[in-house]
Amino acid sequence: MNAQTLAPRTALGRLVLPSRLADPTTVVYLALAGVTLLGWIVVTARGGEFLSLDNTVGILQNSVVLGLVAVGQTVVVLTGSLDLSVAYLISIATLVAAETMDGADGNILPAIAAVLAFSVAVGLANGIVVTKFKVNAFIATLGVGFILRGWIEDNYSGPTGKVPESFQRLGYDRVGPIPVSAFLLLLVGVAVWFVLRRTRLGYHMYAVGGDEQTARLSGVRTHRVVIAAHVLCAVCAGLAGLFLASRLGAGSPWAGTEARYDLTSIAAVVLGGTLLAGGRGGVAGTIGGVLMLSVLDSVFNQLGVDPFFQNVVRGVVIIVAVALYARRAGNREVVA
Amino acid sequence: MKAATVTADERERGDVAVTGIGRLTPTRRFLASLRAGAPVYVLLAVLLVALGVEDPTFFEPDPFFAFLKRSAPLIVLAAGQYLVIVSGGYDLSVGALVTVGVVVTAETYHAFPGAHWTVVVALLVAGGAFVGLVNGLVTTVLRVPSFIATLGMTLILEGAVFYWTQGSPRGILPDDFRTIGRNTAFGPVPWAVVLCLVIGVVAVVLMRSDFGRTLIATGDNARAAGLAGVRVLRVRTLAFVLSGAAAAVAAILVGGFSGVSAQAGRGYEFEAITAVVLGGVALGGGSGSVVAAMAGALSLQTLFTLLNLRGVAKAMETTVQGVIVIAAVALGALDWAGTRRRLTAYVSPLVRHLPLPSRNPRGEQR
């Protein structure tokens, strides 16, 4: 059962769209196609090549980190929470990975295990503070983020560690024309999709995000569900950190914060049609949202637009897109 | 209205609770409003005492007023942020707005060196209010969640200011403009402190007015408030406008004491929200007092100063800050939940505001 099909129909007399078109995910991918087409026209008119193999692969490559974080963020947002600590967690993940590997092939598995264990611990901390201490998720994850940030700034002042050649292949190798990292993103996306749509935990996440009180009265152990969502999100951020480490070849204390993965990932999730208030949306839309941001970046880079100005356009696109979704959602109450 | 002639006994039983604190004596009203934010005053007192123990000279006029002057921008931002949060939203754009305010002022003086400071200040506040108006309209009319609307606005403002200045703003702020943020008004008291007091008084009066009551009612339950006749869109938009104007005032203060920088407002949005939450104001809206929110800002600044004094490594400061913020909010959620619920019921502003059918304590049939 798809959560979108449960949406209440709008009032009589209003044109009822065919259910495929009413699905927000479809809208996201239509918008993605529109942006791509527009970009292709503009770039081609300027004499550039937009849909060349190189450029398309570049767009995929650039979507991986944000994609991994945003897929994780989707899970917490769906559950009615949010995670502002991911940016610092990504930084720490690159540092832990690079220091543990220390240039030796034999250390790769222990390093991955260490990063994942650390991520699970951070996710647990987030989830427990949110549920058991009843601290609003905004403040809780901001606080946990501050704790991580202090730890980073106290111990590191620049790039450290060394990632062995063999692990860097994750960041640079290709299967045919497609980068390996795109498969990593696909794998994580499918796994999270499976959890959300095909397991009891996933249904419970939608239920808790839709109305926590009702979910609890219906017998859902809401605390466990929220904690699980935070752990899943943190693990995705950890994977993003591992991938970044393989790209950079070392650990960087600014890996996660420079690109503002905390707020950007939330923006990508919402751009992908997931309700910020929770209970509605999904991973497929999020990937569409991430691709849309990457396509925009690519178009601007090809046109030589000032990078600062790109931020202005990003802001406008995010606001306009979400405003359009809200309009489509009809007269239902929208949370401020 | 029967409520005017209630006996002490009826008041005890809560029969007149629907009339709210409007009927209380000023002293009791003051105590009730203090109680609403009690944890933050305890926190502030503890931190100030700790600061006094750590540095006995701290409470001498000069260092103390210097401390208040440093705290002023965050206090002003917290007051503005409170209005948005209590009406059920977030304003993440205030940090970027402070940066933009400082940079635009410098560029304005670069282009018009002779501009009078009153004109510049008026333009700044009007600009801040305009950005707030856009935030408010996007949130209310276009129905974009305020988190996303103000996040988008942050990207737009920061992108625009860096695009314009390429990261290195030109121009300097003249002394007459910097007076408000830097100099003293009379004796050792800085202008910044006077300004904070004025804004505090205005905020309290505002929250006592119809606007303030409808604002809290909107944050508590927008639907119910709308059905009761509150112009929800207008009230919410106005909250954003005032928050934008407050950010412009904060920009004047920041520009005054620390000069021009493209990083001037970085991080202020999270600090302001943290301060408001420390003040016991619920995220999601509907409860909390503006004075407590401003006290939350002062607590946060006291905490920073204390960590500095204790020689905690600059970096570990953020860690301690994270722990303390979580702990304070968690304690607030645990110990005071019951108290706050009772108080909210007691002073529930929407109920107080409505023309209720007069109650009939003696049970007479009509």
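Residues numbered from 1 in each chain as written. Chains lettered and ligands numbered in written order. Predicted model: local features only at pLDDT ≥ 70, side-chain atom pairs only at ≥ 80, totals over all residues. Heavy atoms only, no water.

1. A closer look at the overall build of chain B
Alright, step 1. Across its full length, chain B holds 17 helices and two strands.
Alright, step 2. Burial statistics for chain B: of 366 residues in total, 52% are counted as buried.
Alright, step 3. Counting contacts in chain B only where the partners sit at least 6 residues apart, residues at least 24 apart contribute 79% of the total.
Alright, step 4. Total accessible area computed for chain B in this model is approximately 16,200 Å², and 64% of it derives from carbon and sulfur atoms. (Helix = DSSP H or I, 4+ residues; strand = E, 2+ residues; numbered from the N terminus. Buried < 20%, exposed > 50% of the residue type's maximum accessible area, 1.4 Å probe, protein only. Contact = heavy atoms within 4.5 Å. Areas by Shrake-Rupley, 256 points an atom, 1.4 Å probe, with all protein chains shown as cover.)

2. Structural notes on the packing of helix α5 (residues 94–111) of chain B against helix α7 (residues 146–165) of chain B
Residue and element names in this part refer to chain B.
Alright, step 1. Following both chains from N to C, one finds α5 and α7 inclined at 25°, their axes separated by 9 Å at the closest point. It follows from the interaxial angle that α5 and α7 lie roughly parallel. As for how α5 packs across α7, the hand of that crossing is left-handed. Contacts from A96, L97, V100, V103, V104 and E107 of α5 reach α7 at T154, L157, E158, V161, W164 and T165.
Alright, step 2. Its residues assigned to classes, the contact of α5 with α7 shows eight nonpolar, two polar and two charged. (Axes fitted to C-alpha atoms, helices over the stretch in contact; angles between N-to-C directions. Parallel < 35°, antiparallel > 145°, perpendicular 65-115°, else oblique. Left-handed = near helix turned anticlockwise from the far one by under 90°. Nonpolar A, V, L, I, M, F, W, Y, C, P; charged D, E, K, R; others polar.)

3. Describing the packing of aromatic side chains
All names here are of chain B.
Alright, step 1. Applying the stated criterion across every chain yields a total of 15 aromatic pairs over all chains.
Alright, step 2. Aromatic pair F58 and F64: ring centres 5.8 Å apart, planes at 90°, arrangement edge-to-face.
Alright, step 3. Residue F58 is classed as buried on the basis of its relative accessible area, which comes to 4%.
Alright, step 4. Between Y90 and F147, the aromatic rings sit 5.6 Å apart at their centres with planes inclined by 85°, giving edge-to-face as the arrangement. With Y90 in the loop between α4 (61–86) and α5 and F147 in helix α7, this residue pair connects regions lying 57 residues apart in the sequence.
Alright, step 5. Overall, the relative accessible area of 17% leaves Y90 in the buried class.
Alright, step 6. An aromatic cluster is built from F58, F59, F64, F65 and F67, whose rings are joined through pairwise contacts. (Phe/Tyr/Trp six-rings, centres within 6.5 Å; stacked < 30°, edge-to-face > 60°.)

4. A few points about the packing of helix α5 (residues 108–131) of chain A against helix α6 (residues 137–155) of chain A
Residues and elements named next belong to chain A.
Alright, step 1. At a closest axis distance of 9 Å, the pairing of α5 and α6 adopts a crossing angle of 140°. Considering the relative orientation of α5 and α6, their crossing is right-handed. Packed against α5, whose contacting residues are F118, V122, N126, V129 and V130, the element α6 presents A137, A140, T141, V144 and L148 at the interface.

5. With respect to the pattern of salt bridges
Alright, step 1. Enumeration over the complete set of coordinates arrives at seven salt bridges over all chains.
Alright, step 2. Here R314 of chain A makes a salt bridge to D297 of chain A, at a shortest N to O gap of 2.9 Å. Pair noted here: R314 of chain A is in helix α14 (residues 307–328) and D297 of chain A is in helix α13 (residues 283–303), with a separation of 17 residues, a long-range link.
Alright, step 3. Given the relative accessible area of 17%, R314 of chain A is considered buried.
Alright, step 4. Looking at D297 of chain A, the relative accessible area reads 22%, which means it is partly exposed.
Alright, step 5. A salt bridge links R310 of chain B to E54 of chain B; its shortest N-O distance comes to 3.1 Å. Taken as a pair, R310 of chain B in the loop between α14 (290–309) and α15 (314–335) and E54 of chain B in helix α3 (residues 38–54) lie far apart in primary sequence, 256 residues in all.
Alright, step 6. R310 of chain B sits in the exposed class, given a relative accessible area of 54%.
Alright, step 7. The exposure class of E54 of chain B is partly exposed, given its relative accessible area of 34%. (Salt bridge = Lys/Arg side-chain N within 4 Å of Asp/Glu carboxyl O.)

6. Brief notes about unusual backbone geometry
Alright, step 1. The backbone phi angle of R260 of chain A is positive, close to 50°, even though this residue is not glycine.
Alright, step 2. Note on R260 of chain A: relative accessible area 24%, which makes it partly exposed.
Alright, step 3. Within the chain, R143 of chain B stands out as a residue other than glycine whose phi angle is a positive 55°.
Alright, step 4. By the element assignment, R143 of chain B lies in the loop between α6 (117–140) and α7.

7. Overview of a nonpolar patch on the surface
Alright, step 1. A contiguous nonpolar patch, built from L60, V175, I178, F183, L186, V190, W193 and F194 of chain A and spanning about 710 Å² of accessible area, is present on the exposed surface.
Alright, step 2. No other element matches the five residues that helix α8 (residues 180–198) of chain A contributes to the nonpolar patch. (Patch = residues over 30% accessible without salt bridge, like charges linked within 9 Å, V, L, I, M, F, W, Y side chains within 5 Å.)

8. Structural notes on the interface of chain B and chain A
Alright, step 1. With 49 residues of chain B at the contact, the number on the chain A side is 47 residues.
Alright, step 2. Of the roughly 4,000 Å² buried where chain B meets chain A, counting both sides, 74% is carbon and sulfur surface.
Alright, step 3. Considering only the side of chain B, the residues that lose the most area to chain A are R143, F270 and I326 of chain B, jointly responsible for 17% of the buried surface there.
Alright, step 4. At the junction of chain B with chain A, the criterion picks out one salt bridge.
Alright, step 5. The salt bridge partner of R260 of chain A is E158 of chain B, with a shortest N-O separation of 3.6 Å.
Alright, step 6. Put simply, chain B and chain A have four residue pairs in polar contact (both at pLDDT 80 or more) between them.
Alright, step 7. Elements represented by at least two residues in the side of chain B that touches chain A include exactly α6, α7, α11 (222–227), α13 (268–278) and α15 of chain B.
Alright, step 8. When its residues are assigned to classes, the side of chain B that touches chain A shows 31 nonpolar, 13 polar and five charged. (Buried area = accessible area lost by both parts, 1.4 Å probe. Polar contact = N/O pair within 3.5 Å; in protein donor to acceptor, adjacent residues only side chain to side chain.)

9. Points about the side chain of Q168 of chain A
Residue and element names in this part refer to chain A.
Alright, step 1. Structurally, Q168 can be placed in helix α7 (residues 165–172).
Alright, step 2. Among the residues examined, Q168 registers a relative accessible area of 18% and is labelled buried.
Alright, step 3. Q168 has contacts with V163, S246 and G249, leaving out every residue within four places of it along the chain.

10. Considering the confidence of the model for chain B
Residue and element names in this part refer to chain B.
Alright, step 1. Of the residues in chain B, 82% have a pLDDT of 70 or more, and the chain-wide mean is 83.
Alright, step 2. Model confidence for chain B, summarised as mean pLDDT per element, is weakest for helix α1 (residues 8–13) at 41 and strongest for α6 at 96.
Alright, step 3. Contacts from residues 1–21, a stretch scored under 50 in pLDDT, to residues over four places away or in other chains number 25 contacts. (pLDDT = per-residue confidence, 0-100.)

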